[in-house]
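# An overview of the molecular structure
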Amino acid sequence: MAQHFLLSRAAKTLSLAQVFQMKDEEAEMAFRRIRWADTNGEPVCSHCGGVDAYDCRRLKGAPRFRCRACKKDFTLTSGTLFASHKLPLRCYLAAIAIFCNEVKGKSALALSRDLCVSYKCAFVLLHKLREAMADELKGRVIGGEGKVAEVDGGYFGGYVKPANRKEDRLDRRFTRNQNGKRKVVVIVRERGGNSVPAVFNSESQAASFIRSRIAKGTVVHADEAGSWDNLHERFEVKRINHQEAYSMDGACTNWAEEYFSRLRRAEIGIHHHIAGPYLLRYAQESSWREDNRRVSNGDQTQRIAGLALKRGKSVDFTGYWQRHIVEGE
């Protein structure tokens, strides 16, 4: 029997011991090489793009540079998701490594204990990393001639606790007995390829999203739900009735179900509550993890750090606790 990738040596190229043994200078250089890869770690001005800058940090202060062209100061994290950071750079690198090591996800409470930071700090940091992950999914189109994609939906959040007495319990399948917070995550996943998730109030609202994210010529597999009937107008569609079988006559949605298995376990076993405005971020995180499940933890850490350093300030979490949410990038 073949060894699972996560048990192999190839999956483990970075350890937390390596990160915590880094000196401040080593952590700084690691971030510099990730952010300014084109100049091999030499600082590039975040204001004018100039490459002629010198170190002007204070004694025992955080890294700071001054551009000779525009005379403005900038730091290693200026204009990134880590802008105005308070923790040492080594802690951010460790947080990303811890985040990547967790196959189903990492809870903010656990990260706050791992790094000895407040829950607020861990909560915002993890959501910023999810925001960085989402950049890889933006505008992604999957499939094409000769390729197969699967479409499915799963409902999350909005749990209504049943009444104690049987005679007082309501049928929670009816809309009138729900709280309106339950949303459906729709996943479009290419077999042997990448995936794209989205969140809607119902599966029927996902039609335009699916058409825009699947290339023409793709063979689409879906279940028996009526929400996917209109896909026949644009694609060759194979349907599987799950009341009869999970796979029959070459039709199945097992790749999509595999994604929902990861997301459901993250909801039940790690986060416990992923409803509301953050559901899409958790769905995108699960999608990224599923697409990169055969990538080593060291490469995952470097990729997420690179995405975070290339992205501008957080749209969702800049000034989150002060209710000073920024608009736009």
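Rules used throughout
Position labels on residues start from 1 in each chain and follow its written sequence. Residues qualify for local features only when their pLDDT is at least 70, as the model is predicted, and side-chain atom pairs are given and counted only at 80 or more; totals for whole chains, interfaces and linings, by contrast, use all residues. To get the side-chain values, take all heavy atoms of the structure and skip hydrogens and water. One bridge is not enough; two strands pair if DSSP finds at least two bridges between them. Numbered from the N terminus, helices here are DSSP runs of H or I no shorter than four residues, and strands are runs of E no shorter than two. Here a helix's expected span is defined as the number of its residues, less one, multiplied by 1.5 Å. The rule is simple: take the accessible area with a 1.4 Å probe, protein chains only, and divide by the maximum for that residue type; under 20% is buried, over 50% is exposed, in between is partly exposed. Should any heavy atoms of two residues lie within 4.5 Å, those residues are considered in contact. The domain limits used here are those given by an automatic or database domain assignment. Reported buried area values correspond to the accessible surface (1.4 Å probe) lost by two parts on association, with both partners' losses combined. Salt bridge, as applied in this entry: a Lys or Arg side-chain nitrogen positioned within 4 Å of an Asp or Glu carboxyl oxygen. In the analysis that follows, any N or O atom pair within 3.5 Å is treated as a polar contact, provided that within protein one partner can donate a hydrogen and the other can accept it, and provided that, for residues neighboring in sequence, both atoms belong to side chains.

## A short note on the sheet that holds strand β1 (residues 53-55)
One open sheet accounts for 3 strands, arranged β1-β2-β3; its pairing is antiparallel. Either end of the sheet is taken by a strand with one partner, and the two such strands are β1 and β3 (73-74). Where β1 meets strand β2 (residues 65-67), 3 bridges bridge the pair, whose relative direction is antiparallel. By the bridge assignment for β2, Ala53 is matched with Cys67.

## Thoughts on helix α7 (residues 254-271)
An ideal rise of 1.5 Å per residue puts 26 Å on 18 residues; α7 measures up with 24 Å between its terminal C-alpha atoms. Buried residues of α7: Ala256, Tyr259, Phe260, Arg262, Leu263, Ala266, Glu267 and His271, and no others. Contacts made by the buried residues of α7 are with α5 (119-134), β4 (148-156), β5 (183-190), β6 (195-200) and α8 (279-291). Two residues or fewer after α7 comes His272, characterised by a positive phi angle close to 70°.

## Comments concerning the domain arrangement of the protein chain
For the protein chain, the domain assignment lists domain 1 (5-137) and domain 2 (148-292). The distance between the C-alpha centroids of domain 1 and domain 2 comes to 34 Å. Across the boundary between the two partners, domain 1 contributes 16 residues, which contact 16 residues of domain 2. Interface area, domain 1 with domain 2, both sides summed: about 1,600 Å², of which 61% is carbon and sulfur. Together, Lys104, Arg130 and Leu137 form the three largest contributors to the area buried by domain 1 at its contact with domain 2, with a combined 42%. Linking domain 1 to domain 2 there are 1 salt bridge. Its salt-bridge partner being Glu285, residue Arg130 comes within 2.6 Å of it at the nearest N-O pair. The interface formed by domain 1 and domain 2 includes 5 residue pairs in polar contact (both at pLDDT 80 or more). Those elements that provide at least two residues to the side of domain 1 that touches domain 2 are α3 (89-101) and α5.

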